[in-house]
Amino acid sequence: MASLFVLVYPDDRLRIKATPVLQFDETLKQEVLDLFETMYQDHGVGLAATQVNIHKRIFVMDCSDDQSTPICFINPEIVYSEGETQSDEGCLSFPGVYAKVPRASKIRVKYLTDQGEQQEREFENLECMCVQHEIDHLNGITFVDHLSNLKRVRLLKKLQKQQRQTL
Ligand code: GNR
Ligand code: NI
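Residues numbered from 1 in each chain as written. Chains lettered and ligands numbered in written order. Predicted model: local features only at pLDDT ≥ 70, side-chain atom pairs only at ≥ 80, totals over all residues. Heavy atoms only, no water.

Asks: What is the right way to look at helix α1 (residues 26-41) in this model?
Replies: Residues three or four positions apart in an α-helix share a direction because the helix packs 3.6 residues into each turn. The end-to-end C-alpha distance of α1 is 22 Å, a good match for the 22 Å that 16 residues give at a rise of 1.5 Å each. Along α1, the residues that are buried comprise L28, E31, V32, D34, L35, F36, T38 and M39. Elements that come into contact with the buried residues of α1 comprise β1 (46-48), β2 (58-61) and β3 (71-82). For α1, the side-chain oxygen to backbone nitrogen distance between the N-cap and T27 is 3.4 Å, and the N-cap itself is D25. Once α1 ends, the next one or two residues include H43, with phi positive near 60 degrees. (Helix = DSSP H or I, 4+ residues; strand = E, 2+ residues; numbered from the N terminus. Expected span 1.5 Å × (residues − 1). Buried < 20%, exposed > 50% of the residue type's maximum accessible area, 1.4 Å probe, protein only. Contact = heavy atoms within 4.5 Å. Polar contact = N/O pair within 3.5 Å; in protein donor to acceptor, adjacent residues only side chain to side chain.)

Asks: Help me understand the coordination of the nickel ion (ligand 2), please; the structure alone is not making it clear to me.
Replies: Tetrahedral metal sites with four donors have an ideal angle of 109.5 degrees; octahedral sites with six donors have ideal angles of 90 or 180 degrees. Around the nickel ion (ligand 2), the protein supplies C91 (SG), H133 (NE2) and H137 (NE2) as donor atoms, at distances of 2.1 to 2.3 Å. Among the residues examined, C91 registers a relative accessible area of 8% and is labelled buried. Residue H137 is classed as buried on the basis of its relative accessible area of 1%. (Donors = N, O, S within 2.8 Å, 3.2 Å for Na, K, Ca; no water.)

Asks: So what exactly am I meant to see when it comes to the side chain of E134 here?
Replies: Checked against the element boundaries, E134 lands in helix α2 (residues 125-138). Comment: no salt bridge for buried E134; closest opposite-charge side chain is R103, at 8.4 Å. What E134 contacts, discounting residues up to four positions off in sequence, is G46, L47, A48, Q51 and F59. (Lys, Arg positive; Asp, Glu negative; His and termini not counted. Salt bridge = Lys/Arg side-chain N within 4 Å of Asp/Glu carboxyl O.)

In C-alpha cells form, the structure reads like this:
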C-alpha cells in the first residue's frame, strides 16, 4: 500500500478525461488500495483516480464516520437522476475552500466492482453529492466549474491567498 500525492489546483492534469478500465488485474487492485489509503489519510469522503494522476475511470468513497462503508466504483455511469439539492462541497484538490454546488438529490449509478462485477445502486444525501463530484473529476471537471464566474473568481482568489500563506 502507498499513500499518493493529490494534485492541487491549478494543476492542468485535473482537466484530463479518464479512460475506461478494461483490465481487472493486480495493477487495478493495487491502485484501488492506494486510492483508499490516500483518501483516508487526507480525510476525504471520496477520491477520484484523476486526483492522483491516474487517468482511469476509478473512484473510491466512504461517507461513514468510522471507515465502515468503503465503496469502489469502476467505469461509473449515472443512469437516472432526480431532484435538486445544494450543500457545501470541498475538494482535496482545492484545500481549505468550500462552496454550495447544485446537484441532483437522488441518483442511480451503474458501475463495476474491482472484481469486474456489475452493480447498480441508488444514492442520496452526502453519498449522492460525492458520487456526482467524483464522476465530474473523471471527466476533468471540478466543483468550481459549477459556480458562477463571480463566485469562482472569489473562491480561487481565496485559495491562492491561502496557498501564498502556507509557502
Ligand atoms: O472530502 C470531500 N468532501 C466532499 C464534501 C461534499 C461533496 C463532495 C466531497 S468530495 C471531497 C473529497 C474530494 O475531493 N473528492 O474528489
Ligand atoms: Ni474532489
